[in-house]
Amino acid sequence: MNVTAAHRLSTQPTIDRRAFLIGVGSLAAAATLPRPARAANSAPEFALVAAPGRASLVGADFPATEVWTFGNRVPGPELRVRQGEPVRIVVRNELPEDTTVHWHGIRLPNAMDGVPGLTQPPIRPGEQFAYEFTPPDAGTFWYHPHADSLQQLGRGMAGALIVEEPQPVVVDRDVVWMLADWRLTGDAQIAAGFGNGMEAAMAGRVGNTVTINGRISEEFPVRAGERIRLRLVNAALARIMSLRFEGHRPVVIAIDGQPCEPHEPERSRLVIGPAMRVDLVLDMQGEPGRRYQIVDDYYDGLAYWLTELVYEDQPPVRAHPIDAPLSLPRNPIPEPDLVDADRHELRLQGGMMGGGGMMGMGGMMGMGRGAAWAINGMSMTGDGHTGMPPLLILRRGRSYVLVLRNDTAWWHPMHLHGFSFRVLSRNGNDVTHRQWADTVLVPPKETVDVAFVADNPGDWMLHCHVTDHQVSGMMTVLRVA
Ligand code: C2O
Ligand code: CU
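Worth saying up front: this structure is predicted, and the values here are computed from it rather than measured.

Criteria and cut-off values
Residues numbered from 1 in each chain as written. Chains lettered and ligands numbered in written order. Predicted model: local features only at pLDDT ≥ 70, side-chain atom pairs only at ≥ 80, totals over all residues. Heavy atoms only, no water. Helix = DSSP H or I, 4+ residues; strand = E, 2+ residues; numbered from the N terminus. Buried < 20%, exposed > 50% of the residue type's maximum accessible area, 1.4 Å probe, protein only. Contact = heavy atoms within 4.5 Å. Core = buried A, V, L, I, M, F, W, Y, C linked by side-chain atoms within 4.5 Å. Salt bridge = Lys/Arg side-chain N within 4 Å of Asp/Glu carboxyl O. 1 Å grid on protein atoms, 1.4 Å probe; cavity = no way out; pocket = protein on both sides within 12 Å on 5 of 7 lines; lining within 4 Å. Points joined across faces, edges and corners; volume = space filled by probe spheres on them. Nonpolar A, V, L, I, M, F, W, Y, C, P; charged D, E, K, R; others polar. Pairing = 2+ DSSP bridges. Donors = N, O, S within 2.8 Å, 3.2 Å for Na, K, Ca; no water. Lys, Arg positive; Asp, Glu negative; His and termini not counted. Polar contact = N/O pair within 3.5 Å; in protein donor to acceptor, adjacent residues only side chain to side chain. Axes fitted to C-alpha atoms, helices over the stretch in contact; angles between N-to-C directions.

Description of the overall build of the protein
Line of reasoning, step 1. Tallying secondary structure elements over the protein gives six helices and 34 strands in all.
Line of reasoning, step 2. When each of the 481 residues of the protein is scored for burial, the buried share is 58%.
Line of reasoning, step 3. Contacts spanning at least 24 positions in sequence make up 77% of the contacts within the protein whose residues lie at least 6 apart.

Comments concerning the environment of His469
Line of reasoning, step 1. Considering the arrangement of structural elements, one finds His469 in helix α6 (residues 467-471).
Line of reasoning, step 2. Given the relative accessible area of 1%, His469 is considered buried.
Line of reasoning, step 3. Counting along the chain gives 264 residues from His469 to Arg205, while the straight-line C-alpha distance between them is 9.7 Å.
Line of reasoning, step 4. Discounting residues that sit within four places of it in the chain, His469 has contacts with Ala200, Met202, Ala203, Gly204, Trp373, Trp410, Trp411, His412, Cys464 and Met474.

Things to note about the nonpolar core
Line of reasoning, step 1. Among the nonpolar cores identified, the biggest contains 118 residues, and Trp103 and Trp177 are the most heavily contacted of them.
Line of reasoning, step 2. With seven residues, strand β9 (residues 173-182) is the single largest residue contributor to this core.

A few points about the pattern of salt bridges
Line of reasoning, step 1. One pass over the structure, following the stated rule, counts 37 salt bridges.
Line of reasoning, step 2. Of the charged contacts in the structure, one is a salt bridge between Asp172 and Arg318, with a shortest N-O distance of 2.9 Å. With Asp172 in the loop between β8 (159-164) and β9 and Arg318 in the loop between β19 (304-311) and β20 (342-350), this residue pair connects regions lying 146 residues apart in the sequence.
Line of reasoning, step 3. Residue Arg244 pairs with Asp297 through a salt bridge whose shortest N-O separation is 2.7 Å. Here the residue Arg244 occupies a position in strand β13 (residues 241-245), and Asp297 occupies one in the loop between β18 (291-296) and β19, the gap between them amounting to 53 residues.
Line of reasoning, step 4. A network of salt bridges, in which partner residues are shared, links Glu78, Arg80, Arg82, Glu164, Glu165, Asp174, Arg229, Arg231 and Asp279.

Some points on empty space enclosed by the protein
Line of reasoning, step 1. Throughout the structure, instances matching the rule amount to five cavities of 30 Å³ or more.
Line of reasoning, step 2. Around the largest cavity, the lining comprises 18 residues; the ones closest to its centre are Gly156, Ala158, Ala180, Trp182 and Ala235.
Line of reasoning, step 3. If you list the elements that add at least two residues to the lining of the largest cavity, you get α4 (149-154) and β9.
Line of reasoning, step 4. Per element, the largest residue contribution to the lining of the largest cavity is five residues, and it comes from β9.
Line of reasoning, step 5. A per-class count over the lining of the largest cavity returns 12 nonpolar, five polar and one charged.

With respect to the pairing of strand β14 (residues 251-255)
The two faces of a sheet get side chains in turn, since along a regular strand they alternate between them.
Line of reasoning, step 1. Most of β14 sits out of view: five of its five residues are buried.
Line of reasoning, step 2. In the sheet, β14 pairs with strand β17 (residues 277-283) via four bridges, with the strands oriented antiparallel. Looking at the pairing, Ala254 lines up with Asp279 of β17.
Line of reasoning, step 3. Alignment of β14 against strand β15 (residues 258-263), held across three bridges, turns out to be antiparallel. Bridge pairing in β15 places Ala254 opposite Pro259.
Line of reasoning, step 4. The antiparallel hairpin formed by β14 and β15 contains two residues in its connecting segment, where Asp256 sits at a positive phi of about 50°.

Observations regarding the coordination of the copper ion (ligand 2)
Line of reasoning, step 1. The coordination sphere of the copper ion (ligand 2) contains the protein donors His412 (ND1), Cys464 (SG) and His469 (ND1), at a distance range of 2.0 to 2.1 Å.
Line of reasoning, step 2. Donor residues for the copper ion (ligand 2), ordered by position in the chain, follow H-x51-C-x4-H. A residue pair is termed long-range when its members are at least 10 positions apart, and His412 in strand β26 (residues 412-416) and His469 in helix α6 qualify at 57 residues.
Line of reasoning, step 3. For His412, a relative accessible area of 0% corresponds to the buried category.

Concerning the side chain of Arg205
Line of reasoning, step 1. Mapped onto the elements, Arg205 comes out in the loop between α5 (197-200) and β10 (209-212).
Line of reasoning, step 2. No salt bridge is formed by the buried Arg205; its nearest oppositely charged neighbour, Glu199, is found at 5.4 Å.
Line of reasoning, step 3. Looking at Arg205, its side chain comes within polar contact range of the main-chain oxygen of Ala192, at 3.2 Å.
Line of reasoning, step 4. Contact partners of Arg205, with chain neighbours within four places excluded, come to Asp181, Arg183, Ile190, Ala191, Ala192, Gly193, Phe194, Glu199, Leu237, Ala238 and Asp468.

A look at the sheet that holds β18
Hydrogen bonds between backbone groups are what pair the strands of a sheet, and the pairing can be parallel or antiparallel.
Line of reasoning, step 1. Ordered by their spatial adjacency, five strands build an open sheet running β11-β19-β18-β13-β16, and the pairing between neighbours is mixed. In this open sheet, the two strands that pair with only one neighbour each are β11 (220-222) and β16 (270-272). With direction set aside, neighbouring strand axes in the sheet form an average angle of 25°.
Line of reasoning, step 2. Sheet topology places β13 next to β16; three bridges connect them, and they run antiparallel. Paired with Leu243 across the two strands is Leu270, which belongs to β16.

Structure below.
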């Protein structure tokens, strides 16, 4: 097999980038003065329409599911761009309600961050908004709405945004798995009841059907001896996943898009909270003709298999694994100065206690009805709106340590917009890989320290990515001035 030629192939239908290239020529023509420099490296332009649609999530035996889509498909089209190259994405809203798009994990200008009220006016039905940015980091990112998130994400609106390295790792196939979790009725329709207050105060809306790239998956065909880069994106509203690969030894090469020291996951469990991404290298060392399960056993008593790696009955494509390095070049993220950093504690509060009853929410300054959670005593609810006061004002260029202290009985994948941070320690103990991340899972009653340089000015959201938690109060704003 010709490795270099084959490495971009994917078994999943990826959209040809050219299909989304629109009007670059007419853009150049519209300028009054000739702009040869612009024309020479014109930005790829994508059109993304947000609209209701239908998708066959669970196969031909069931009716198609009424979903909400980007580009009339679930997940939305996989956008592939190049590191350091400008990109323009025009989002048109054909939904019956306002929307925006957030480019999760991309370090971009604040005005392109997609938070309604805070960074841009919402895109009204029938209107459009052009997002323009230059991704500084290569890696696996994703996009999703930041308006009425429970419904819009919960009805299927999410897509992968892959920023390609100039020099990717050498693999036979580069595969993206958008993992989504749906709560479906018996006739495969999306169950009502978004924003249930009881769920909001507990684990959030965990569904009953997990799909890979918009379909439940019975099998994933592989060849013995091939090497696959598997980019996992947890696009669920609330479901945390813990994946085990029967008979295989995946190597983690990037977390939340950011390269890390290649390593095997702790206790062979790959724990991925909502919004988190993991890039794996998987050498297909199984036996031709055999099947191997990928199991998610995060929730006690609710283990299921996500899919099976099914080996073609063919001799291995090579006798030994590819002898090429697995490490990716690091991205140009400034290193925080830990000696000089300012520390701020963010206490995550609220929710149901183990024995029922709400955690001490007295004295909370509610910013909306239905608050179940808070950060440092303040509940900001919804998806973003005007007049959100910053919890902290950070000085541009300074280093900060955020101490995320979980006082609750629940897990929270905490996401900071606009930055990648270094995960320093858990409960005061240094973590092994000190990886960069934009979303970090904070277990009940634990504390995670993260650090970053406040080099990106603007008002940035920090919230839990269990969507019910976010919209019912576990959200705040950090201002970099
Ligand atoms: Cu993917 Cu505000 O987040
Ligand atoms: Cu949470």
